[in-house]
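Here is how the chains run, residue by residue.
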Amino acid sequence: MRQADGLRGKRVLVVEDEFLVALDLECELADSGAEVICASTLGQATGVAQSGRFDAVVLDLNLHGETSYPLADYLAANDVPFVFHTGQGEQSVLAKRYPGVAVCNKPCDGRILLKTLECAMSDRSPSAANNA
């Protein structure tokens, strides 16, 4: 796959509780030149997010039965770009609570997720990623 130049050298936090999905995301992002840190629980992810500087976050909505809303609220309040990567299918709820934050429903083509993440970091419209 062609590298997503906008991710080269960027630090990305992947918050995902399913090991194989997290591994796949980590590989996709690393192949694009990003430095990837993974977290699988809300507590772990919150601690990592608060202790480090990240250029962007890929955030699953449901982490072992807990929603990631508290972390999403923290990211939004601190202007950290993020995208939801979720199988919950709650796009309308997420759009109301987090206007402008893109939602990639699982399963999601890795190229689309990478483009969506690039758009989030550059403040372009997420829909532009789908047309790229």
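Scroll up for the structure.
This structure is a prediction, so every number in the text was calculated from the model and none was measured.

## Focus on the overall build of the chain
In terms of helices and strands, the chain carries six helices and seven strands. For the chain, the succession of helices and strands along the chain, N to C, is β-α-β-α-β-β-β-α-β-α-β-α-α. When burial is assessed residue by residue, the chain has 42% of its 132 residues classed as buried. In the chain, once contacts between residues fewer than 6 apart in sequence are set aside, the share between residues at least 24 apart is 63%. Summing over all exposed atoms, the chain offers an accessible surface of approximately 6,700 Å²; the carbon and sulfur share of this is 49%.

## With respect to the packing of helix 1 (residues 19–31) against helix 5 (residues 110–122)
Interaxial distance between helix 1 and helix 5 falls to 11 Å at its minimum, and their mutual angle equals 65°. For the crossing formed where helix 1 meets helix 5, the hand is right-handed. Only Gly110, Leu113, Leu114 and Leu117 of helix 5 make contact with helix 1, whose side of the interface consists of Leu25, Glu28 and Leu29. Looking at the contact of helix 1 with helix 5 residue by residue, the classes come out as five nonpolar, one polar and one charged.

## Quick notes on a nonpolar patch on the surface
Among the surface-exposed residues, Phe19, Leu20 and Leu23 lie close enough to one another that they form a single nonpolar patch of about 350 Å² accessible area. Residue classification places leucine 20 among the exposed positions, given a relative accessible area of 66%.

## Side note on the pattern of salt bridges
One pass over the full model with this rule turns up six salt bridges. The closest approach of N and O atoms between arginine 11 and glutamate 35, which form a salt bridge, is 3.4 Å. Linking arginine 11 in strand 1 (residues 11–15) with glutamate 35 in strand 2 (residues 35–39), this pair joins segments that are 24 residues apart in sequence. Owing to a relative accessible area of 45%, glutamate 35 belongs among the partly exposed residues under this scheme. The shortest N-O distance in the salt bridge between lysine 106 and aspartate 60 comes to 3.1 Å. With lysine 106 in the loop between strand 7 (103–105) and helix 5 and aspartate 60 in the loop between strand 3 (56–59) and strand 4 (62–63), the pair connects residues that are 46 residues apart, well separated along the chain. Owing to a relative accessible area of 3%, aspartate 60 belongs among the buried residues under this scheme. Put simply, Glu16, Asp60 and Lys106 are held in one network by salt bridges that share partners.

What counts as what
- Residues numbered from 1 in each chain as written.
- Predicted model: local features only at pLDDT ≥ 70, side-chain atom pairs only at ≥ 80, totals over all residues.
- Heavy atoms only, no water.
- Helix = DSSP H or I, 4+ residues; strand = E, 2+ residues; numbered from the N terminus.
- Buried < 20%, exposed > 50% of the residue type's maximum accessible area, 1.4 Å probe, protein only.
- Contact = heavy atoms within 4.5 Å.
- Areas by Shrake-Rupley, 256 points an atom, 1.4 Å probe, with all protein chains shown as cover.
- Axes fitted to C-alpha atoms, helices over the stretch in contact; angles between N-to-C directions.
- Left-handed = near helix turned anticlockwise from the far one by under 90°.
- Nonpolar A, V, L, I, M, F, W, Y, C, P; charged D, E, K, R; others polar.
- Patch = residues over 30% accessible without salt bridge, like charges linked within 9 Å, V, L, I, M, F, W, Y side chains within 5 Å.
- Salt bridge = Lys/Arg side-chain N within 4 Å of Asp/Glu carboxyl O.

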